[in-house]
Amino acid sequence: MNAIEFILAGMLAAATPFLLAALGELVVERAGVLNLGVEGLMALGAVLAFIVVYQGGGHFLGFVAAGLGSAALSLIFAFVTLGFRANQVAAGLAIGILGQGLSALFGKSYESLTVKALPRLAVPGLSDLPVVGGLFVQDIVVWISLVATLAIWAMFAYSKLGLVLRAVGENPKAAHAIGYSVITVRVLAIAFGGAMAGFAGAYAAVIYTPLWADGMIAGRGWIAIALVVFGTWLTGRIFLGACLFGAVSLMGLAAQATGLDVPSQLLSSLPYLVTIIVLGIISADRRLLKLNGVASLGEPFER
Amino acid sequence: MNAPLLSLRGISKSYGQIHANQAIDLDVAAQSIHAILGENGAGKSTLMKLIYGVEQPDEGTVVWQGQPLRLASPAEARRKGIGMVFQHFSLFETLTVLENIRLVVPGRKAELAQRIKTLGQEFGLEVDPLAHVHALSVGERQRVEIIRCLMTNPKLLILDEPTSVLPPQLVEKLFDTLRRLRDGGVSILLISHKLEEIRAICDQATILRSGRVTGDVDPREHDTHDLARMMIGRDMPAPISALPQSGGEKRLEIIGLDHKPDDPFAVSLSGITLEVRAGEILGIAGISGNGQSELAALISGETVLGRDQRDRIYMMGSDVGRLDAAARRQRGFAFVPEDRLGRGAVPEMSLVLNGLLTAHPLGLLRHGLVDRKRAMAFTRDCIRQYDVRTPGPDAEAGTLSGGNLQKFIVGREIMLSPKLLFVAQPTWGVDIGAASAVRSRLVALRNEGMAILVISEELEELFELCDAIQVLHHGTLSPRLVTRDTKPEEIGRYMIGAQSLTGEEHA
């Protein structure tokens, strides 16, 4: 297997934690809320899923626990930012730190233990193709994530729900004036974002690297937040961005396999470097940000 | 006479110490156009919020179609058949017209688009359902708002100052729409402070002053004089006239200026040419959103021209296009921006500190430190001369009423004795008394030889003040029109772009 085949085969699985968390954050930000706690929400989801799976609850229950747990934690964020109109940046950071702390606490006795990952499902025919065949051998969660991406894209493009979310994010006062409950929409968006971050963490902990180590989320939540800006709040671009980061994060491994003489520290810092560079490029185009951006992002809503 | 559609009895609403509405009685008949007339701050908006369910009254009863009514939210008001068109539209700029309407009205897209077209034809509200709202003119946005309300089949439609954003021709068109709606069975509650308009269209008028009803009349039976007296409690102040005089030297000259802003929602300016001479007032008319704020920023120096743009903006005879706001002020330029809170003054700072912001060159500093005594003296002077009603120089700017703060800011800029004064929207949200004080002051300064540039949406104001008017439409400026040889309708044609911009008068 050469480096390209290796990256193509692993890219989607590596991208899934980014993708799930970023899709959740996309919905939250479209509703006008900036939740910077994604890293902690992922960490909490990861440990909950790991414990449930390790105790024999199975992967499905593991994901349910992760989704519920992280959604619950994100509701605390919703409570402070929407109820008390606390600063969203500060509250998001605090919730993130809380999530990481809880993750370390719950995971203490599971350090270095492993669980069984899920089998991969191949698409008959396509998986036998040369070079790209690996793309079509993925576990069930990857396939579901792809469906979720399509569903969220369609929601924003066609459904009334997507319209309401965008309206609340663009002009909450007007949304209120025409009779939508800004607070309800935002609470639901935040809970959805929390659950998605939980699923993302669960995928990382019980499928992608099914071994518990404290701090295993390793900055992926931050990259997910950056991805939303990177994708200028558009579902399709966020998916492409997630794939790019999945591929970049595999390059280190690929380089080692081909015996390339590059320091591994440099290779493992690649995703972060790419994030900084891409964000810089995107932010330079103010037109793009203004056209697709969310006008009320991060601002508390007052009637 | 039939029972009224809507009937208010003894409605009161207070915000802390301020009694916004006190014991208001109001009856709106079915199939009528009813005006709520009053100055800024008379309590019109509060009353509408109560009727539309945005706020709840402290006291009093509302009867709607014979049933007592208590509204908890605008959504409930709409279900009952009350619709409202806001002054600052509640539309979503990045969505299309159809999407904006779909947020309020259930139904399939194709079906809604068809209904938008039918309603548009029926009531003279044509608009493209697939256009993005940010690309629409103010008049079109208003049509979208009205259509959105009409699609919920209201019995009562509230319009908050609907004509303040429209040129004269479109005001006629809007009134035609409103009459057709009334004849179709919808009652209309029209909030306004424009007396002529109310006499032209309304069947009944309720007049508010300081939160109380001071009159309930048929406006067609009273002249504007009577209405004004009910509205402001005394006679209208007479305008002071400008002395005829020939212009002095050029103080501001803009020559063929093109400008494309970074902001995609902003208006590009092209071929802007104007001049303001000593001893004259030039007015820029136009519906807001046609490039006013972009032009204002270029003149004030908030936007600085690029390196490739030379010889475009001259002040007092020198090229200032590349100079920032402070450097332009040093040359004798002063500026009163349209938003008082935020750009004209810092709301959280005292009047003394706000005075210092632009007036520090008047010897209010000593060795770079604030000379508190002189700054106080300056502020007191400004408060006295310009009749600013405030507890004193240490009051926070944000606590002053709009009119008083405007008088303070205009006073501060005038006391710099600039050679060129630029005032954007001199009387926005200012009550009639303060507005006429500001206007007569500007005319007096002109008579003393100051060059003054005014941007305003109020055509009447420009006709009262200006020696000449130019109209801004889609980022281009009309030729210079001498005010006394020009009719408002002519300006109106330029405002909607019906008049081509290649006039003969252009020197």
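What you see is a predicted model, and the numbers here were worked out from it, not measured in a lab.

## A few points about the environment of Leu188(A)
Residue and element names in this part refer to chain A.
Then step 1. Note on placement: Leu-188 falls in helix α8 (residues 182–208).
Then step 2. Overall, Leu-188 belongs to the exposed group, its relative accessible area being 57%.
Then step 3. In this structure, the C-alpha to C-alpha distance between Leu-188 and Arg-166, residues 22 residues apart in sequence, is 14 Å.

## A word on the nonpolar core
Then step 1. Residues Val206(A), Leu103(B), Leu157(B) and Leu178(B) are the most contacted members of the largest nonpolar core, which totals 193 residues.
Then step 2. Sorting elements by how many residues they give to this core places helix α1 (residues 3–30) of chain A first, with 15 residues.
Then step 3. Residues in contact with Leu157(B), not counting those within four places in the same chain, are Gly83(B), Val85(B), Ile146(B), Cys149(B), Leu150(B), Leu181(B), Val186(B), Ser187(B), Ile188(B) and Leu189(B).

## Some thoughts on the domain arrangement of chain B
Quite often, the size of an interface is put as the accessible area lost when its parts meet.
Residues and elements named next belong to chain B.
Then step 1. Partitioning chain B into structural domains gives domain 1 (6–232), domain 2 (250–332 + 418–506) and domain 3 (350–413).
Then step 2. Between domain 1 and domain 2, the C-alpha centre-to-centre distance is 32 Å.
Then step 3. Tallying the contact residues gives 16 residues for domain 1 and 17 residues for domain 2.
Then step 4. Of the roughly 1,200 Å² buried between domain 1 and domain 2 on both sides combined, carbon and sulfur atoms contribute 65%.
Then step 5. Scanning the region where domain 1 abuts domain 2 turns up zero salt bridges.
Then step 6. Put simply, domain 1 and domain 2 have zero residue pairs in polar contact (both at pLDDT 80 or more) between them.
Then step 7. The residue inventory of the side of domain 1 that touches domain 2, partitioned by class, reads seven nonpolar, six polar and three charged.

## Quick notes on the sheet that holds strand β11 (residues 250–259) of chain B
Remark on secondary structure: sheet strands pair via backbone hydrogen bonds, oriented parallel or antiparallel.
All names here are of chain B.
Then step 1. Strand order in the open sheet formed by four strands is β12-β11-β14-β15, and the pairing between neighbours is antiparallel. Here the strands that pair on one side only, and so sit at the sheet edges, are β12 (269–277) and β15 (318–319).
Then step 2. Sheet topology places β11 next to β12; six bridges connect them, and they run antiparallel. Looking across to β12, one finds that Glu-253 is bridged to Glu-275.
Then step 3. In this fold helix α9 (residues 292–300) packs onto β11, β12 and β14 (313–315), with an angle of close to 125° to the strand it touches most, β11.

## A look at the packing of aromatic side chains
Then step 1. Applying the stated criterion to the full structure yields twelve aromatic pairs over all chains.
Then step 2. When the centroid spacing of 5.6 Å and the interplanar angle of 85° are considered together, the rings of Tyr54(A) and Tyr110(A) count as edge-to-face. Placement of the pair is Tyr54(A) in helix α2 (residues 38–54) and Tyr110(A) in the loop between α4 (88–107) and β1 (120–122), with a sequence separation of 56 residues.
Then step 3. In this structure Tyr54(A) comes out as partly exposed when scored by relative accessible area, which is 36%.
Then step 4. With a centroid separation of 5.0 Å and 20° between ring planes, the pair formed by Phe335(B) and Phe422(B) is classed as stacked. On the criterion of sequence distance, the pair formed by Phe335(B) in strand β16 (residues 333–336) and Phe422(B) in strand β19 (residues 420–424) is long-range, its members being 87 residues apart.
Then step 5. Relative accessible area serves as the criterion here: at 7%, Phe335(B) is assigned to the buried category.
Then step 6. Using a relative accessible area of 0% as the deciding quantity, one classes Phe422(B) as buried.
Then step 7. Put simply, the rings of Phe50(A), Tyr54(A), Tyr110(A) and Trp212(A) pair up and form one aromatic cluster.
Then step 8. In this structure, Arg30(A) is placed above the aromatic ring of Phe156(A), and the distance from its NZ or CZ to the ring centre is 5.8 Å.

Criteria and thresholds
Residues numbered from 1 in each chain as written. Chains lettered and ligands numbered in written order. Predicted model: local features only at pLDDT ≥ 70, side-chain atom pairs only at ≥ 80, totals over all residues. Heavy atoms only, no water. Helix = DSSP H or I, 4+ residues; strand = E, 2+ residues; numbered from the N terminus. Buried < 20%, exposed > 50% of the residue type's maximum accessible area, 1.4 Å probe, protein only. Core = buried A, V, L, I, M, F, W, Y, C linked by side-chain atoms within 4.5 Å. Contact = heavy atoms within 4.5 Å. Domains from an automatic or database assignment. Buried area = accessible area lost by both parts, 1.4 Å probe. Salt bridge = Lys/Arg side-chain N within 4 Å of Asp/Glu carboxyl O. Polar contact = N/O pair within 3.5 Å; in protein donor to acceptor, adjacent residues only side chain to side chain. Nonpolar A, V, L, I, M, F, W, Y, C, P; charged D, E, K, R; others polar. Pairing = 2+ DSSP bridges. Axes fitted to C-alpha atoms, helices over the stretch in contact; angles between N-to-C directions. Phe/Tyr/Trp six-rings, centres within 6.5 Å; stacked < 30°, edge-to-face > 60°. Lys NZ or Arg CZ within 6 Å of the ring centre and 35° of its normal.

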